[in-house]
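# A closer look at the structure
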Amino acid sequence: MLVLGIESSCDETAAAVVEDGARILSSVVASQVPTHEKYGGVVPELASREHLRKISPIVDEALRQAAVGLEEIDAFAVTEGPGLIGSLLVGVVYGKALARALGKPLVGVNHLEGHIHAVLLEYKMAQREEPAAETPELPAVTLVVSGGHTSLFFVETRSRNGAPVFSYRPLGQTRDDAAGEAFDKVAKLLALGYPGGPIIDRLAVFGNAHAVEFGRVKMKGNPLDFSFSGLKTAVLYRVRGTELAIEADARRAWRKAAGRVTIDDLRAHCSQATLDLAASFQQAVVTDLIERTLAAAETARVQTILVSGGVACNSLLRRQFAQAGRARALQVFFPSPVLSTDNAAMIAAAGYYKLRAGQRADHHLTAHASFPLGT
Ligand code: KG4
Ligand code: ZN
């Protein structure tokens, strides 16, 4: 079954062709970073306008790279939520129009479910190459951690009429900022650039991650919930009214005049105290993400952890999660970086299983800004 996936929930316009939920024939992602960079965050109105401009050429490019015609596509899968409503609508309407025009099935996919399937897809592909390759065993606990989400789910699968049916149970989620959002806001405060996650990841290598000890966040109620706004404010208090703020202002002016800068340039414009602060902030986020996920795995009594979403690209998170997993005999799986950030292959893969389970969307399919996954 060839599924064409469409993703437009935030600031990436993406289309992909995936065969049988396991082989990526093409995955095209058009990033809007240059559009939003100067604002230090995604501007919803600009995002939907960009999606409108790009959706048609991106879908064409996905078909071209897959070397298939539109008439060969068996079904369409489109992200229906959660996300920016104007952005989501572009993908939903485009997917509906294609399915309707071709008389092919359409299915709506939850963006978070897509991120979870990114990990499964990654290892299915690896297994095609190398049958003995390790693959995730379900049930699992999954951490979806990105610019818009920080959520833990219990995921399991059962077979219905020979087709796997996935189900998800929310275990915890952020009560304020998402982890990626915290990276982006701290990078903005320190005038390091946008998006902040990958920049802090690369700069932190030059800082001392234990220079600043941020207290652990204790959550009242559900201990598997997250909160990152306090950490972001703690960084703000360390900067405001100090040399670090003067330095950040100077860096902001330099960056504006310099245009595109390399990490080496940026590092040369950062004091050791700034690098230490960035590294310590990253360590605090990573420790928090790992500890709560391990606690969730213990509570749910699973041996498998899946990590996905843009922040899953973070090199410290990958390294320390792998170490923690080894120490506890847990299997921890990440997608490759291109499948960690927003893409449409994960939507096509998630959609494939829904289609196999008999799910179909009709003309009522619409976008949902808020769209909880699981019950
Ligand atoms: O999954 P994604 O592409 O979009 C959302 O659904 O939000 O994630 C984007 C987020 C941004 O906040 C970005 O700063 C963060 O992922 N990110 C990272 C890294 N690469 C991307 N955060 C930390 N370290 C990274 N290497
Ligand atoms: Zn995402």
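Placed above this text is the structure.
I will try to describe carefully the structure that is included in this document. Every chain is numbered independently, its residues counted from 1 as its sequence is written. To label them, take the chains in the order written and letter them from A, then take the ligands in the order written and number them from 1. Per-residue local features of the predicted model are confined to residues with pLDDT of at least 70, and side-chain atom pairs are confined, for both listing and counting, to 80 or more; whole-chain, interface and lining totals are unaffected and use all residues. Side-chain calculation: all heavy atoms of the structure are included, whereas hydrogens and water are not.

### As for the overall build of the chain
Threshold: Secondary structure elements follow DSSP: runs of H or I no shorter than four residues count as helices, runs of E no shorter than two count as strands, and numbering proceeds from the N terminus. For a compact globule the rule gives 2.2 Å times the number of residues to the power 0.38, and the radius of gyration it is set against comes from C-alpha atoms. Each residue is placed in one exposure class: buried if its accessible area under a 1.4 Å probe, protein chains only, is under 20% of its type's maximum, exposed if it is over 50%, and partly exposed if it falls in between. Between two residues, a contact is recorded if the distance between any of their heavy atoms is within 4.5 Å. Accessible areas in this description were obtained via Shrake-Rupley with a 1.4 Å probe; residue shielding takes into account the shown protein chains only. When charges are counted, Lys and Arg are positive and Asp and Glu negative, with His and the chain ends excluded. For charged residues, the charge sits on one atom: NZ in Lys, CZ in Arg, CG in Asp, CD in Glu.
Looking only at helices and strands, one finds 13 helices and 10 strands in the chain. Taken over the C-alpha trace, the chain has a radius of gyration of 21 Å; the compact-globule value for 375 residues is 21 Å, and the two agree within 12%. Taking the principal axes of the C-alpha coordinates as reference, the chain spans close to 65 × 50 × 40 Å. The burial tally for the chain puts 51% of its 375 residues in the buried class. A separation of at least 24 residues holds for 75% of the contacts in the chain among residues at least 6 apart in sequence. Roughly 16300 Å² of accessible area belongs to the chain as shown, and the carbon and sulfur atoms make up 53% of that amount. The positive charge centre, built from 39 side chains, and the negative charge centre, built from 39, are 4 Å apart in the chain.

### Overview of the site of ligand 1
Note the threshold: Being near a molecule or strand, for a residue, means having at least one of its heavy atoms within 4 Å of it. Pairing of N or O atoms within 3.5 Å defines a polar contact, subject to two protein rules: one partner must be a possible hydrogen donor and the other a possible acceptor, and residues neighboring in sequence count only if both atoms are side-chain atoms. Under the scheme applied, nonpolar residues are Ala, Val, Leu, Ile, Met, Phe, Trp, Tyr, Cys and Pro; charged residues are Asp, Glu, Lys and Arg; polar residues are all the others, including Gly. Throughout the structure description, domain borders are defined by an automatic or database domain assignment.
Inspection of the region around ligand 1 gives 20 residues, with Gly147, Asp184, Asp201, Gly310 and Asn314 positioned closest. Gly148 has a polar backbone atom sitting 3.1 Å from an oxygen atom of ligand 1. Contact distances for ligand 1 include 2.7 Å between an oxygen atom and a side-chain N or O atom of Asp184. Surface burial for ligand 1 is 91%, taken as the share of its 550 Å² of free accessible area covered by protein chains. For the shell around ligand 1, a count of residues per class yields five nonpolar, 11 polar and four charged. Of the residues that make up the shell around ligand 1, three or more belong to each of domain 1 (2-135 + 338-356) and domain 2 (179-302).

### Some remarks on the sheet that holds strand β5 (residues 106-110)
As a reminder of what qualifies: Any two strands between which DSSP finds at least two bridges are classified as paired. Axis definition: a line fitted to C-alpha atoms, limited for helices to the stretch in contact. Angles are taken between N-to-C directions and run from 0 to 180 degrees.
The five strands lie next to each other as β3-β2-β1-β4-β5, forming an open sheet whose pairing is mixed. Where the open sheet ends on each side, the last strands, each with one partner, are β3 (23-31) and β5. Each strand of the sheet is rotated relative to its neighbour by a mean of 20°, with strand direction disregarded. Where strand β1 (residues 2-7) and strand β4 (residues 75-81) come together, four bridges link them in parallel fashion. When the sheet's bridge partners are listed, Val3 is paired in β4 with Ala75. Along the sheet, helix α2 (residues 44-66) makes contact with β1, β2 (12-19) and β3, crossing β2 at roughly 25°. Sitting on the sheet, helix α3 (residues 85-102) touches β1, β4 and β5, and the angle it makes with β4 is about 155°.

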